[in-house]
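# Fold and contact review
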Amino acid sequence: MAFLALGRSLGTLSVTQYRSGNMELASLLAYTAWWFTKRYDGDVYHPAVFNALSLSCRQDQLWFGHKGAVTGIKLLSGGEEKARAGRNPLPGLVTVGKYGEMIRWKSENGQTYTSELLLNDPCYDFRDVLLRSDSQMYALSYCGQLISTDSAGIVTRFLPKGEYRQLISIASNLVLAVSTTGIYSFDCINHEIQPYFQPEHSITCVGQMEGYLYVFFKNGTVALLSSDGTFLRFIDSLPENSVVTAFCPLTNERYAIGCREGVILICDKNGNIRQKLIGHQAAVTAISRKGNKLFSSSYDCTLRLWDLRKGKTESAVIVTSPGWIHTFCFHPDGTSVFMGDEQGRLYRVPISPDHMAAVVRQGLQRDFTREEWEYYIGKQIPFESYYLKTYQP
C-alpha cells in the first residue's frame, strides 16, 4: 500500500512540475508513478497517475479540415482488422460538421494523412454520420435532410419537418433518423421513409440496448420500444430536471446516460439509478464504454475517463479542449480516441497508461539525480535507472 500511495503522490507532483514548466522532471515523475503503481498491481488508471502520464506523453495529434464543429466521427469498415494486423495504425475515418462538410481521412503510417472532401455544402448542418460500408454513408442534417453517398453518387432525401440529431442502425436495411418530434425509418434498399414512432412529448435522446430502444423525453419520462417501433411501456422516470443527452449500453443489463446538467447516471434496465458520476460541468455529449472503463465528453471542453469497478466515481481528465467536445470514437487498437471539437479540430488522444508510459520513457533525456531520487522517492528505496541510454536490467 505504501508504494501505491507513493505512485499517486509522484503523479500529483508530476502534474505540478509540468504546470510549472519543468517538463523533464515531470516526465521522470510521471514514469516513476506508473512504474511503482504497475509493479505493485495498483490502478494505473487512477486520476493521479493517468493525468500525469497524459500530460507528459504529449502524443496528441491534431488535424484541421472543418470550418466549424465536428459533430460525427465513424471508423471506416476494415479499420479494426487492419489495425490488429499492424498494417494501418491510423484507420480510415469519416467526419461530418455543422458547416456541411463530410470528410474522409486516410493514413498509412499514423503520422501523415490525406483528407478527401466528399461533400461541402453550408446549406447542411450535420449532426451525425452512419456508415454501412466504406462507400455507403449517411449524414443527418439538423433541419431534416438525409444525405447518402455510395458508388452512384450523393443523394439528398427530405425527412418530415423537425430538429434532427441522431442516426441509428437497427436492421440490415433500416436506419432511424431521430428528431425532437418523432423517429422515422429509412429503408436503404427501397429508399422509403416511414414514420417509426410519434410521441406526444419532445425527444432528447434515443439509446439502443439488447434489441430494445430507450426513448428519453424532455419531461423526464422514458419509453421502451421493440425493434420494430412498437411501444411496450414506460419505465421509471428520471430525477427532476434530468434531460438526457447521451446514452451507452453497459454489461449486466445496465446502461449509462449523460444529462444536460453534466451528471452521468448508471441505470438498470428498468430505469433504477444504481450509480451517479459527477465531474462534468456542462451537458454530456457522448458516452462510450471500453471494458470496465467509461469515457465521456462534454460541453465543459473535457474528455473524461471513469472506472466502473467497485463503485468508483472519481474521473481522470484525458484532455481539455479549447472548445466544446461534440463526439469521439475509439481507435481499434485501444490505445487512443479520435475526438472532434467546436472549432473544427480532429484530435487523436492517447488513453492507454501502458502505451503512454512507454512513450514517456522513450522521451526521457536523463535519470533522476541521487538528490532528486532521495527527495522524491526516498532514501530507503534503492536507486533505479529509467533513462534508456544508461539503463541496465
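## Notes on the layout of surface pockets
- Of the volumes computed, that of the second largest pocket is approximately 360 Å³.
- Asn51, Ser54, Leu55, Val317 and Ile318 are the residues nearest the centre of the second largest pocket, which is lined by 15 residues in total.
- The biggest single contributor to the lining of the second largest pocket is helix α3 (residues 47–57), with five residues.
- Of the residues that constitute the lining of the second largest pocket, the class distribution is nine nonpolar, three polar and three charged.

## A short note on the packing of aromatic side chains
- Under the counting rule described, the total for this entry stands at 23 aromatic pairs.
- Their ring planes at 20° and their centres at 6.1 Å tell us that Tyr45 and Phe50 sit as a pair that is stacked.
- On the basis of relative accessibility, which here comes to 0%, the residue Phe50 falls in the buried class.
- On the basis of an interplanar angle of 35° and a centroid distance of 4.5 Å, the ring pair of Tyr299 and Trp324 is categorised as tilted. In this pair, Tyr299 is assigned in the loop between β23 (293–298) and β24 (302–307) and Trp324 in the loop between β25 (315–320) and β26 (325–330), connecting sequence segments 25 residues apart.
- Taking the relative accessible area as the measure of exposure, Tyr299 reaches 31% and is therefore partly exposed.
- An aromatic cluster is present here, built from Tyr31, Trp34, Trp35, Phe368, Trp373, Phe383 and Tyr386 joined pairwise through their rings.
- Taking NZ or CZ as reference, Arg370 lies 4.0 Å from the ring centre of Phe383, over its face.

## Describing the environment of Lys67
- Within the secondary structure, Lys67 sits in the loop between β1 (61–64) and β2 (70–75).
- Since its relative accessible area comes to 60%, Lys67 is described here as exposed.
- Remark: the alpha-carbon pair of Lys67 and Gln343, spanning 276 residues in sequence, is separated by 7.2 Å.
- Sequence-distant contacts of Lys67, defined by excluding residues within four places in its chain, comprise Tyr99, Glu101 and Asn120.

## Some remarks on empty space enclosed by the protein
- In this structure the tally under the stated criterion is one cavity of 30 Å³ or more.
- Of the pockets and cavities examined, the largest cavity occupies roughly 50 Å³.
- Lining of the largest cavity is provided by Glu163, Arg165, Gln166, Val178, Ser179, Thr180, Ile203, Thr204 and Cys205.
- Here the residues of the lining of the largest cavity are counted per class, giving three nonpolar, four polar and two charged.

## A closer look at the confidence of the model for the protein
- For the protein, per-residue confidence averages 91 on the pLDDT scale, and residues scoring 70 or more make up 93% of the total.
- Across residues 79–84 the pLDDT falls below 50, and counting only partners more than four positions away or on other chains, this stretch makes eight contacts in the model.

## Some points on the nonpolar core
- In this structure, Leu10, Phe36, Leu53, Leu303, Ile318 and Ile377 are the most contacted members of the largest nonpolar core, which totals 43 residues.
- Per-element accounting of this core gives the leading share, eight residues, to helix α2 (residues 23–39).
- Each residue touching Leu303, except ones within four places of it in the same chain, is listed here: Ser296, Ser297, Ala316, Val317, Ile318, Val319, Ile325, Phe328, Val337 and Met339.
- Core analysis: the next-biggest nonpolar cluster, separate from the first, contains 16 residues, Tyr214, Val222, Phe247 and Ile257 among them.

## So, the sheet that holds strand β28 (residues 345–350)
- Across the sheet, four strands lie side by side as β1-β28-β27-β26; this open sheet has antiparallel pairing. In this open sheet, the two edge strands, each paired with only one partner strand, are β1 and β26. Shown here is a sheet whose adjacent strand axes are inclined to one another by a mean of 20°, direction ignored.

## A short note on the pattern of salt bridges
- In total, this model carries twelve salt bridges according to the counting rule given.
- In this structure, Glu24 engages Arg366 in a salt bridge whose closest nitrogen and oxygen atoms are separated by 2.6 Å. In this pair, Glu24 sits in helix α2 while Arg366 sits in the loop between α5 (353–362) and α6 (370–376), placing the two residues 342 residues apart along the sequence.
- Asp128 is paired through a salt bridge with Lys74; the nearest N and O atoms lie 3.6 Å apart. Here Asp128 is found in strand β6 (residues 126–131), whereas its partner Lys74 is found in strand β2, with 54 residues between them in sequence.
- The network of salt bridges with common partners includes Glu24, Arg366 and Glu372.

Parameters at a glance
One numbering rule holds for all chains: residues counted from 1, following each sequence as written. Under the rules for a predicted model, residues below a pLDDT of 70 receive no local features and side-chain atom pairs below 80 are neither given nor counted, while totals for whole chains, interfaces and linings still include all residues. Side-chain numbers here rest on the full set of heavy atoms in the structure, without hydrogens or water. Site definitions follow a grid-based scheme: protein atoms alone, a 1 Å grid, a 1.4 Å probe that fits but cannot get out for cavities, and for pockets an open set with protein on both sides within 12 Å along at least five of seven lines, plus lining residues having an atom within 4 Å of a point. Grid points are joined across faces, edges and corners, and a volume is the space filled by probe spheres set on the points. Helix and strand definitions follow DSSP, with helices as H or I runs of at least four residues and strands as E runs of at least two, each counted in order from the N terminus. In this count, Pro and Cys sit with the nonpolar residues alongside Ala, Val, Leu, Ile, Met, Phe, Trp and Tyr, while Asp, Glu, Lys and Arg are called charged and the others, Gly among them, polar. Under the pairing criterion, centres of Phe, Tyr and Trp rings, with the six-membered ring standing for Trp, must be within 6.5 Å; the plane angle then separates stacked pairs below 30 degrees from edge-to-face pairs above 60, leaving the rest tilted. For each residue, the accessible area found with a 1.4 Å probe, counting protein chains only, is set against the maximum for its type, and the residue is called buried under 20%, exposed over 50%, and partly exposed in between. Note on criteria: charge over ring means Lys NZ or Arg CZ within 6 Å of the ring centre, with the direction from the centre no more than 35 degrees off the ring normal. The contact rule is simple, with two residues in contact once any of their heavy atoms fall within 4.5 Å. On a scale of 0 to 100, pLDDT captures the predictor's confidence in every residue. Take the buried Ala, Val, Leu, Ile, Met, Phe, Trp, Tyr and Cys residues and link them wherever side-chain atoms come within 4.5 Å; each set so joined is a nonpolar core. Pairing between strands is defined by DSSP: at least two bridges between the two strands are required. Between the N-to-C directions of two axes lies an angle of 0 to 180 degrees, each axis being a line fitted to C-alpha atoms and, for a helix, fitted only over the stretch in contact. Take a side-chain nitrogen of Lys or Arg and a carboxyl oxygen of Asp or Glu: if they are within 4 Å of each other, that pair is a salt bridge.

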